[in-house]
Amino acid sequence: MRTWYIEDAGGGCQAFSEVLVLVSEEPREIYSARLPLTWQEEVGMEEMACRLVIDMMDKAGVAKSDKLLVCSGNIFHTLHQWLEDNGYNWDTEKMDGLAHDTAEDAFHRQLVEAGVPKEYKLEGRDYRNFYRQVEKWVKKQTEPSQYWKDRGARRKPAEARYRLRSTFTRSRKCRKCNKKILPFSPVVENRVRKNGKKYRYFFHPHCSPVEPMKGKLNYATVSWDGCEVEGIILPCKQEVTCPICREIIKIGKPIFYGYLDDKLVYGHAKCLRNEE
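Here is what the cut-offs are and how they apply
Residues numbered from 1 in each chain as written. Predicted model: local features only at pLDDT ≥ 70, side-chain atom pairs only at ≥ 80, totals over all residues. Heavy atoms only, no water. Helix = DSSP H or I, 4+ residues; strand = E, 2+ residues; numbered from the N terminus. Rg over C-alpha atoms; globule rule 2.2 N^0.38 Å. Buried < 20%, exposed > 50% of the residue type's maximum accessible area, 1.4 Å probe, protein only. Contact = heavy atoms within 4.5 Å. Areas by Shrake-Rupley, 256 points an atom, 1.4 Å probe, with all protein chains shown as cover. Lys, Arg positive; Asp, Glu negative; His and termini not counted. Charge placed at Lys NZ, Arg CZ, Asp CG, Glu CD. Pairing = 2+ DSSP bridges. Axes fitted to C-alpha atoms, helices over the stretch in contact; angles between N-to-C directions. Phe/Tyr/Trp six-rings, centres within 6.5 Å; stacked < 30°, edge-to-face > 60°. Salt bridge = Lys/Arg side-chain N within 4 Å of Asp/Glu carboxyl O. Patch = residues over 30% accessible without salt bridge, like charges linked within 9 Å, V, L, I, M, F, W, Y side chains within 5 Å. Parallel < 35°, antiparallel > 145°, perpendicular 65-115°, else oblique. Left-handed = near helix turned anticlockwise from the far one by under 90°.

## Quick word on the overall build of the protein
No. 1: In terms of helices and strands, the protein carries 6 helices and 16 strands.
No. 2: On C-alpha atoms alone, the protein measures out to a radius of gyration of 25 Å, which is more than a quarter above the 19 Å that the 2.2 N^0.38 rule sets for 276 residues.
No. 3: Based on the C-alpha atoms only, the size of the protein along its principal axes is roughly 75 × 50 × 30 Å.
No. 4: Out of the 276 residues in the protein, the part that is buried amounts to 42%.
No. 5: Long-range contacts, defined here as pairs at least 24 residues apart, represent 54% of the contacts in the protein between residues at least 6 apart.
No. 6: Total accessible area computed for the protein in this model is approximately 16500 Å², and 45% of it derives from carbon and sulfur atoms.
No. 7: Counting 47 positive and 40 negative side-chain charges, the protein places the averaged centre of each group 9 Å from the other.

Right, dumping it as structure tokens:
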């Protein structure tokens, strides 16, 4: 089993591309990539970074049994989820050593190639002063636009603001069809900010204007009164009695919720599945 480190550099600077590195210390092996300054595809920075790291992993032949230590920064959030979903052995870690040095050296090399004075260097991890120097240099150039990051491209796409959740005990009103979304039902939540205020809108999953980000809802189908009932399994919010085994379902334990017409069906999923 090998240990790989995944680190980035340059994310806090408004200019020049972020550098991503995949590093193995023993045996020593280094891969690097640069995030483009801009792109046309409707994906955010986290998705773009994830793709680049996956490509480096493919080139390096990283195995699922290897240990992956990943920087906890926002740029890798999509990668974190991808590693989890695909069964990799990974964890977050504050980077130091070869991975950190490699990423920072690669970012600095990019600056020097563009003409930034060599003496502009990161000292003692004083990123604020370092990036301020670089940004001042960019502003003095005859065509500074060629160095600035496209912040619009780096924003999360609209889909990332739509999340698949559960209504739990509260009913909601669907913003599209204006019909009631019943308690303990799947719901798509859209969070937006307007004029400095935060708003939340809700949709039935089939009414959502975009495909929501994958949630952690656990779907199940059970039997009730001779009918199949589709629903979701959630952590129990308050103690209730399972109608089949008559045992108390304690707070935090998994419980099934679904609807047969307008009737709420709930209980242990295993009990409901085994009902004759």
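## What about the sheet that holds strand β3 (residues 29-34)?
No. 1: The strand order across the open sheet built from 5 strands is β3-β2-β1-β4-β5, with neighbouring strands paired in mixed fashion. Edge positions in the open sheet fall to β3 and β5 (89-92), since each of these has one partner strand only. Adjacent strand axes in the sheet meet at a mean angle of 20 degrees when their direction is disregarded.
No. 2: Where strand β1 (residues 3-9) lies against strand β4 (residues 67-70), 4 bridges are found, and the strand directions are parallel. Each residue of the ladder has a partner; that of Ile6, found in β4, is Val70.

## Details of the packing of aromatic side chains
Where two aromatic rings form a pair, the distance of their centres and the angle of their planes describe that pair.
No. 1: If you walk through the whole model with that rule in mind, you get 11 aromatic pairs.
No. 2: With centroids separated by 5.5 Å and ring planes inclined at 35 degrees, the aromatic side chains of Phe130 and Tyr131 adopt a geometry described as tilted.
No. 3: Under the relative-accessibility criterion, Phe130 is labelled buried at 2%.
No. 4: The buried category is assigned to Tyr131, whose relative accessible area is 8%.
No. 5: Each member of the aromatic cluster is reached from another via a ring pair, and the members are Phe107, Tyr127, Phe130 and Tyr131.

## Description of the pattern of salt bridges
No. 1: Within the structure shown, the criterion is met by 8 salt bridges.
No. 2: One salt bridge connects Glu189 with Arg165, and the closest N-O pair in it is separated by 2.8 Å. Separated by 24 residues along the polypeptide, Glu189 in strand β9 (residues 186-194) and Arg165 in strand β6 (residues 162-166) bring together distant segments of the chain.
No. 3: The buried category is assigned to Glu189, whose relative accessible area is 3%.
No. 4: When salt bridges with common partners are traced through the structure, they connect Arg165, Glu189 and Arg200 into a single cluster.

## Here's the deal with a positive patch on the surface
No. 1: Taken together, the side chains of Arg128, Arg132, Lys136, Lys139 and Lys140 define a basic patch exposed on the protein surface.
No. 2: Locating Lys140 in the fold gives a position in the loop between α4 (127-139) and α5 (151-154).

## Structural notes on the side chain of His80
No. 1: Among the structural elements, His80 can be located in helix α2 (residues 77-85).
No. 2: Leave out the neighbours within four places in its chain, and His80 touches Val70, Cys71, Ser72, Gly73, Trp90 and Thr92.

## Digging into the sheet that holds strand β16 (residues 263-267)
No. 1: Ordered in space as β11-β12-β15-β16, the 4 strands form an open sheet in which the pairing is antiparallel. What marks the edges here is a single partner per strand, and that holds for β11 (218-224) and β16. Neighbour-to-neighbour, the strand axes of the sheet open up by a mean angle of 35 degrees, direction not taken into account.
No. 2: Inspection of the sheet shows strand β12 (residues 227-235) paired to strand β15 (residues 254-260) by 5 bridges, in the antiparallel sense. Residue Pro235 lies in a different strand from β15, and its bridge partner there is Pro254.

## Some words on the packing of helix α1 (residues 45-60) against α2
No. 1: Axis separation between α1 and α2 bottoms out at 7 Å; the angle between their running directions is 50 degrees. Between α1 and α2, the interaxial angle falls into the category oblique. Two packed elements cross with a definite hand, and for α1 against α2 that hand is right-handed. Contacts between α1 and α2 involve Glu46, Glu47, Cys50, Val53, Ile54 and Met57 on the former and, on the latter, His77, Thr78, Leu79, Trp82 and Leu83.

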